[in-house]
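One letter stands for each residue in the lines below.
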Amino acid sequence: MDLTLTTRDAGGKTIVAVGGEIDVYTAPKLRDKITELVAAGVYDIVIDMEQVEFLDSTGLGVLVGGLKKVRAHDGSLELVCNQDRLLKIFKITGLAKVFVIHDNADAALAGS
């Protein structure tokens, strides 16, 4: 399974819609996209994971690394995730307390 990334600007934030599997093979693609956005001066990023089918520890590491990158610029990296199996990973690892996780992209844009 490959990883698809689609970027769009909305409401002052940049949404990166991710589809497929975020694993040891595909995670560098996501990391590169986040690095590219931060290098371009984009510091408020929403990672939309509604189409993500699988997430492993490498993917979690990329998300944490991305969060550190935007926070260095007083930015934010929020997640859109409504799948129980992925939410469970965030809860088990304690990352549910680190990331702001929204049910959908509209909620992320509304800041709720």
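These lines cover the structure that appears in this document, whether it is placed above or below. From a predicted model like this one, the values you see are computed outputs, not experimental measurements.

Within the chain, the regular secondary structure consists of four helices and five strands. Counting helices and strands in the order they occur from the N terminus, the chain gives β-β-α-β-α-β-α-β-α. In terms of overall dimensions, the chain is globule-like: its C-alpha atoms have a radius of gyration of 13 Å, near the 13 Å expected for 112 residues. With respect to the principal axes defined by its C-alpha atoms, the chain has extents near 30 × 30 × 20 Å. For the chain, buried positions account for 46% of its 112 residues. A separation of at least 24 residues holds for 65% of the contacts in the chain among residues at least 6 apart in sequence. Of the accessible surface of the chain, which amounts to about 5800 Å², a share of 51% is contributed by carbon and sulfur atoms.

Let us look at unusual backbone geometry. With the exception of glycine, the majority of residues adopt a negative phi angle, and the majority of peptide bonds are in the trans configuration. Phi at D74 is positive, roughly 55°, even though this residue is not glycine. Mapped onto the elements, D74 comes out in the loop between helix 2 (57-71) and strand 4 (76-80).

Of the pairings in the sheet, the one linking strand 1 (residues 3-10) to strand 2 (residues 13-22) comprises eight bridges and is antiparallel in character. Its bridge partner being in strand 2, T6 is matched across the sheet by A17. Between strand 1 and strand 2, which pair antiparallel one after the other, the connecting turn spans two residues, and G11 there sits at a positive phi close to 60°.

Considering all chains together, one arrives at two salt bridges under this definition. Residues E78 and K13 are paired through a salt bridge, measuring 3.4 Å at the closest nitrogen-oxygen approach. Taken as a pair, E78 in strand 4 and K13 in strand 2 lie far apart in primary sequence, 65 residues in all. Overall, E78 belongs to the buried group, its relative accessible area being 13%. Of the residues examined, K13 reaches a relative accessible area of 15% and is grouped as buried. As a salt-bridge pair, K33 and E36 come within 3.2 Å of each other at their nearest N and O atoms. Of this pair, K33 and E36 both sit in helix 1 (residues 27-39), separated by three residues, roughly a single helical turn.

Axis separation between helix 1 and helix 2 bottoms out at 9 Å; the angle between their running directions is 5°. Compared by their axis directions, helix 1 and helix 2 come out roughly parallel. Side by side, helix 1 and helix 2 meet where A27, L30, R31, I34, T35 and V38 of the first sit next to T58, G59, V62, L63, G66, K69 and V70 of the second. Per-class residue counts for the contact of helix 1 with helix 2 are seven nonpolar, four polar and two charged.

Moving on: the pairing of strand 4. With respect to burial, strand 4 is a largely interior element, five of its five residues being buried. On strand 4, burial covers both faces: S76, E78 and V80 on one face and L77 and L79 on the other are all buried. The pairing of strand 3 (residues 44-55) with strand 4 spans five bridges and is parallel. What sits directly across from I45, in strand 4, is L77. For the handedness criterion, the β-α-β arrangement of strand 3, helix 2 and strand 4 is classed as right-handed.

Conventions used here
Residues numbered from 1 in each chain as written. Predicted model: local features only at pLDDT ≥ 70, side-chain atom pairs only at ≥ 80, totals over all residues. Heavy atoms only, no water. Helix = DSSP H or I, 4+ residues; strand = E, 2+ residues; numbered from the N terminus. Rg over C-alpha atoms; globule rule 2.2 N^0.38 Å. Buried < 20%, exposed > 50% of the residue type's maximum accessible area, 1.4 Å probe, protein only. Contact = heavy atoms within 4.5 Å. Areas by Shrake-Rupley, 256 points an atom, 1.4 Å probe, with all protein chains shown as cover. Pairing = 2+ DSSP bridges. Salt bridge = Lys/Arg side-chain N within 4 Å of Asp/Glu carboxyl O. Axes fitted to C-alpha atoms, helices over the stretch in contact; angles between N-to-C directions. Parallel < 35°, antiparallel > 145°, perpendicular 65-115°, else oblique. Nonpolar A, V, L, I, M, F, W, Y, C, P; charged D, E, K, R; others polar. Right-handed = clockwise from strand over helix to strand, strands pointing away.

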